[in-house]
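Structural overview for review
Below are the chains, spelled out letter by letter.
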Amino acid sequence: MPTLKELARRPNPLTGGHSACAGCGFPQAVRLVLMSIDEPVVVAGATGCMEVTTTTYPNTAWTVPFIHNAFENAAATISGVEAAYQALRRKGKIDREIRFVAFGGDGGTYDIGLQSLSGAVERGHRFLYVCYDNQAYMNTGIQRSSATPFGASTTTSPAGDVVPGKQQRRKDLTAIMAAHGIPYVAQSTIAHWQDLTRKVKRATEVDGPSFINVLAPCRLGWGTDPSQTIRLAELAAETCAWPLFEVDHGQWKVTYVPKNKLAIEEYLKPQERFRHVFEDETGQLLAAIQKDVDEQWQALLARAGLGKDGKA
Amino acid sequence: MGGVNGHVVTQRRRMTMTGAEATAEAMRQIHPDVVAAYPITPQTDIVMRFARYVSDGVVQTEFVPVESEHSALSAVVGASAAGARAMTATSGPGFALMHEILYVASGYRLPIVMPVANRALSGPINIHGDHSDTMGSRDAGWIQIFSENAQEAYDNLIQAVRIAEDPSVRLPVQVTQDGFIITHGMEIVEVLTDAEVQQFVGTYEPERYLLDVERPMTVGALALQNSYFEVKRQLAEAMVNARRVIADVGEAFGRLSGRYYGLTEPYRMNDAELAVVVLGSTAGTAKVVVDELRNRGVKAGLVKIRVFRPFPAQNLRDLLRGTRAVGVLDRSDSVSGGLGGPVFAETKAALYGLPDPPVMTGYVYGLGGRDTTPEMIESVYEDLAELARRARDNYAEVVADAALAGHYLGVREPGQNGSPHRHGAAKLGER
């Protein structure tokens, strides 16, 4: 495992000068993921903030080969790239190891891209798919996705007088990917660099498809201070709103159990998208969110064979 | 099965095969690096035969059995950008599902080759052959080559590789064949040797490709107002270049096989007064009608459009100049409110400004695989004779009327029972 200093000295796959917002989460996700891989990589990206802010012609922020095809097909595209690699290797035209990584936001992964992702991992292409999950369609103006958590206000699930934000739970995509029975699936955040780099290393070691869901806060969509992005990702794990875990060849393992699980309001309070939760004097909405988080955390612990206290 | 004696053809053979078999055989001989495909009737026969070649080790192609046509073309875009010779095949609704990515493939100038088994589009659902699928993508920046029969489906596919990869073109190519009529109809096909095909298509050596990790490049950057327009302008230029390249490749293929190909194929057009313009399998039926009419002294002729994109406008001007009446047959409808199908509209546009132009009228026929009989085609020539006769007395009015006519050939009109009537050239708005 590289140390943080070693990581920082590696060639940067994504140069500065891209046009992502100050405090945006995805560049951290991209850098941590790609700098954890020792072999040369070829990257595919779905339509979204990442692609828009890093490839505005005639500029590109990518120092590694990068392809953008469309919104819903990053997984299909990288599976074609990987198939080309297998074919050209067999014909002796390429003789080196190359790793393949696809990045998509939650819209392009949980929703419109789920079919192509599911198909690609079922076919067994050797590639890592990374979802940088900021929990809404941020690039088009903060619309709800199936990754948007219960209670969050977005432009298509606005908190109003009658409907207090999104009324459904977020889709548990990581579990869905685990259900494909692929070699490696994990969930991490941009704040947990050691956890994430270790998971990427493991994901690219396994012979087959792998998937990592990385929480990457969006300071614009979440309505938070740019300086707080990393802190929010930490709080997501400390409150168990976004647990860190992995499923390695079918074995569920929680990779971080907070010593003192914080109340959900610690995580929600700095976020504009949950402001209405604290304006509700009955406290019912906050209680409902806490209940939902607790239920999902307990279900995860049970899946990993841990007790309710997070211990074996 | 394609091929002979363990799938290796070392001698030219004349074989009985369907259009789908001939296409799979051409694919085997081309030996692409990657084929990604999804099954859809009537294309399925092509990819399942190719999958068998992969499973039997006859080809070393990477076969990607994707979960949808959208992903089929997406994967092929990835494979082609990665530096591989990549193909897919599709049909009807599957083709429609690819629509978004058709533009990505041409916009990225990827030399993808795609056989298309033409099929009608829903709704109502129909699995049989018409050109609604391909014609729906006529402005997507793909070269479109239509095949009259299984031999042409085979020949065109081999030529398509060279056309697509020509440095002055670098465009994706569709090679179409009418669903069921060609894909499932048995014909005699002359198959070239494997060595001849491989020599003809050569090896693919892209200038830049994704797997060249020493020279990283970004494919598919965001192009805004300052650059998108230029990309599309260059695409249009490539399509113009394709005209010459298609003609050259058709000539080279002729020298190899004895079967020469151009953008159009005139049939008994030298002194023709009445001409039909048609593409696909119906050209074969129409040739029989032309022969019969010629035996009866009628100066009938035919122009088959082989290449719809780039549109052979100059060829049509040259070939149709001097005719008195032209009927254009469309196996798809533009649903334009009476303007007829796309071939009619574009043929008319091509002839605009021609001095003393023929009277032109259009027919939509054969939708959803409806049989198109020699009698129906003959009725078109009868119409044309009548139009030419009337135009002698009242040219301006007849030309103007005919230009806006949207006829439906062989359709049952309300109130009719039984089979389509012989002179089924009903005109819209005349019910």
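Residues numbered from 1 in each chain as written. Chains lettered and ligands numbered in written order. Predicted model: local features only at pLDDT ≥ 70, side-chain atom pairs only at ≥ 80, totals over all residues. Heavy atoms only, no water.

1. Overview of the overall build of chain A
Check the secondary structure of chain A and you find 13 helices and eight strands. Taken against the 2.2 N^0.38 rule, which gives 20 Å for 312 residues, the C-alpha radius of gyration of chain A at 19 Å falls within 12% of a compact globule. Per-residue burial over chain A gives 58% buried out of 312 residues. Taking the contacts inside chain A whose residues are at least 6 apart along the sequence as the reference set, 67% of them involve residues at least 24 apart. Accessible area of chain A: about 12,400 Å², with a carbon and sulfur share of 51%. Of the charged side chains in chain A, 33 are positive and 32 negative, and the gap between their average positions amounts to 6 Å. (Helix = DSSP H or I, 4+ residues; strand = E, 2+ residues; numbered from the N terminus. Rg over C-alpha atoms; globule rule 2.2 N^0.38 Å. Buried < 20%, exposed > 50% of the residue type's maximum accessible area, 1.4 Å probe, protein only. Contact = heavy atoms within 4.5 Å. Areas by Shrake-Rupley, 256 points an atom, 1.4 Å probe, with all protein chains shown as cover. Lys, Arg positive; Asp, Glu negative; His and termini not counted. Charge placed at Lys NZ, Arg CZ, Asp CG, Glu CD.)

2. Looking at the nonpolar core
In terms of nonpolar packing, the biggest core is built from 98 residues, with Val-81, Phe-100, Tyr-129, Phe-211 and Tyr-267 of chain A together with Val-34 and Leu-211 of chain B touching the most fellow members. Counting residues per element, this core draws most heavily on helix 4 (residues 74-90) of chain A, at nine residues. In contact with Leu-211 of chain B, not counting residues within four places along its chain, are Val-42, Val-81, Ala-84, Tyr-85, Leu-88, Ile-94, Ile-98 and Phe-100 of chain A together with Ala-82 of chain B. Ranked by size, the runner-up nonpolar core spans 51 residues in total, among them Phe-50, Ala-164, Leu-171 and Val-197 of chain B. (Core = buried A, V, L, I, M, F, W, Y, C linked by side-chain atoms within 4.5 Å.)

3. Concerning the packing of aromatic side chains
Residue and element names in this part refer to chain A. A full pass over the atoms with the stated rule returns 12 aromatic pairs over all chains. Arranged with centres 6.2 Å apart and planes meeting at 80°, the rings of Trp-222 and Tyr-267 form a pair that is edge-to-face. Of this pair, Trp-222 sits in helix 9 (residues 219-222) while Tyr-267 sits in helix 11 (residues 264-268), and the two are 45 residues apart along the sequence. Residue classification places Trp-222 among the buried positions, given a relative accessible area of 0%. When its relative accessible area of 4% is taken as the criterion, Tyr-267 is described as buried. (Phe/Tyr/Trp six-rings, centres within 6.5 Å; stacked < 30°, edge-to-face > 60°.)

4. Here we look at the interface of chain A and chain B
In this complex, chain A contributes 44 residues to the contact, which on the side of chain B involves 43 residues. Together chain A and chain B conceal approximately 3,200 Å² of surface at their shared face, both sides included; 61% is due to carbon and sulfur atoms. Between the two partners, chain A and chain B, sit four salt bridges. Between Glu-214 of chain B and Arg-96 of chain A there is a salt bridge, and its shortest N-O distance comes to 2.3 Å. Where chain A touches chain B, the interface holds 17 residue pairs in polar contact (both at pLDDT 80 or more). Secondary-structure elements contributing two or more residues to the side of chain A that touches chain B are strand 1 (41-45), helix 3 (49-54), strand 2 (66-68), helix 4 and helix 6 (114-123) of chain A. Across the side of chain A that touches chain B, the residue classes break down as 22 nonpolar, 15 polar and seven charged. The pairing of strand 2 of chain A with strand 9 (residues 218-219) of chain B spans two bridges and is parallel. From the neighbouring strand, Phe-66 of chain A faces strand 9 of chain B, where its bridge partner is Thr-218 of chain B. (Buried area = accessible area lost by both parts, 1.4 Å probe. Salt bridge = Lys/Arg side-chain N within 4 Å of Asp/Glu carboxyl O. Polar contact = N/O pair within 3.5 Å; in protein donor to acceptor, adjacent residues only side chain to side chain. Nonpolar A, V, L, I, M, F, W, Y, C, P; charged D, E, K, R; others polar. Pairing = 2+ DSSP bridges.)

5. Remarks on the pattern of salt bridges
Applying the stated rule across the entire model yields 49 salt bridges over all chains. The shortest N-O distance in the salt bridge between Arg-90 of chain A and Glu-62 of chain B comes to 2.4 Å. You can see Arg-90 of chain A sitting in helix 4 and its partner Glu-62 of chain B sitting in strand 3 (residues 62-65), one on each of two chains.

6. With respect to unusual backbone geometry
If a residue is not glycine, its phi is most likely negative; likewise, a peptide bond is most likely trans. All names here are of chain B. The omega torsion of the bond from Ser-122 to Gly-123 falls at 0°, within 30 degrees of zero and hence cis. In this fold, Gly-123 is placed in the loop between strand 5 (113-118) and helix 6 (132-135). If you check the backbone angles, His-31 has positive phi at about 55° while not being a glycine. Relative to the helices and strands, His-31 is located in the loop between helix 1 (19-30) and strand 2 (34-37). A positive phi is found at Asp-356, a non-glycine position, where the angle reads about 50°. Among the secondary structure elements, Asp-356 is positioned in the loop between helix 12 (342-351) and strand 15 (359-365).

7. Observations regarding the pairing of strand 7 (residues 173-178) of chain B
Consecutive residues of a regular strand have side chains that alternate between opposite faces of the sheet. All names here are of chain B. Among the six residues that make up strand 7, six are buried, leaving the element largely enclosed by the rest of the structure. Of the two faces of strand 7, both are covered, the one formed by Val-173, Val-175 and Gln-177 as well as the one formed by Gln-174, Thr-176 and Asp-178. Judged from the six bridges that link them, strand 5 and strand 7 form a sheet pairing that is parallel. Residue pairing in the sheet places Met-114 in a bridge with Gln-174 of strand 7. Sheet topology note: the strand 6 (residues 143-146)/strand 7 ladder contains four bridges and is parallel. When the bridges of strand 7 are listed, Ile-143 appears paired with Val-173.

8. Quick word on the state of the cysteines
Residues and elements named next belong to chain A. For the structure shown, the criterion picks out zero disulfides over all chains. Cys-21 carries a free sulfur, and the closest cysteine sulfur to it, the one in Cys-24, is 6.1 Å from it. A residue is classified by how much of its surface remains accessible, and Cys-21, at 42% relative accessible area, is partly exposed. (Disulfide = S-S within 2.5 Å.)

9. Here's the deal with the pairing of strand 15 of chain B
Residue and element names in this part refer to chain B. Buried residues dominate strand 15, accounting for seven of its seven residues. Here strand 15 shows two buried faces, one formed by Val-359, Thr-361, Tyr-363 and Tyr-365 and the other by Met-360, Gly-362 and Val-364. The pairing of strand 14 (residues 325-330) with strand 15 spans six bridges and is classified as parallel. When the bridges of strand 15 are listed, Ala-325 appears paired with Val-359.

10. Here's the deal with the packing of helix 4 of chain A against helix 3 (residues 69-82) of chain B
At a minimum axis distance of 7 Å, the contact between helix 4 of chain A and helix 3 of chain B shows a crossing angle of 50°. If you check the angle between helix 4 of chain A and helix 3 of chain B, you find them oblique. At the point where helix 4 of chain A passes helix 3 of chain B, the crossing takes the right-handed sense. In contact with Ala-76, Thr-77, Ser-79, Gly-80, Val-81, Ala-84 and Leu-88 of chain A of helix 4 of chain A, helix 3 of chain B contributes Ser-71, Ser-74, Ala-75, Gly-78, Ala-79 and Ala-82 of chain B. Per-class residue counts for the contact of helix 4 of chain A with helix 3 of chain B are seven nonpolar, six polar and no charged. (Axes fitted to C-alpha atoms, helices over the stretch in contact; angles between N-to-C directions. Parallel < 35°, antiparallel > 145°, perpendicular 65-115°, else oblique. Left-handed = near helix turned anticlockwise from the far one by under 90°.)

11. A short note on the environment of Cys-218 of chain A
Residues and elements named next belong to chain A. Turning to its location among the elements, Cys-218 is positioned in the loop between strand 6 (210-215) and helix 9. Assessed through its relative accessible area of 12%, Cys-218 is described here as buried. Taking the C-alpha atoms as reference, Cys-218 lies 8.3 Å from Phe-26; in sequence the two are 192 residues apart. Contacts of Cys-218, omitting those with residues within four sequence positions, involve Asn-134, Met-138, Gly-223 and Thr-224.

12. Quick notes on helix 10 (residues 282-295) of chain B
Residues and elements named next belong to chain B. Between its first and last C-alpha atoms helix 10 spans 20 Å; for 14 residues at 1.5 Å apiece the expected length is 20 Å, and the two agree. Regarding helix 10, the residues found buried are Thr-282, Ala-283, Ala-286, Lys-287, Val-289, Val-290, Leu-293 and Arg-294. Projected onto a plane normal to the axis of helix 10, the buried residues spread over an arc of 165° and lie on a single side. (Expected span 1.5 Å × (residues − 1). Arc of directions from axis to C-beta.)

13. Some words on the environment of Val-411 of chain B
Mapped onto the secondary structure, Val-411 of chain B falls in the loop between strand 16 (406-409) and strand 17 (426-427). As a C-alpha pair, Val-411 of chain B and Pro-172 of chain B span 239 residues in sequence and 35 Å in three-dimensional space.

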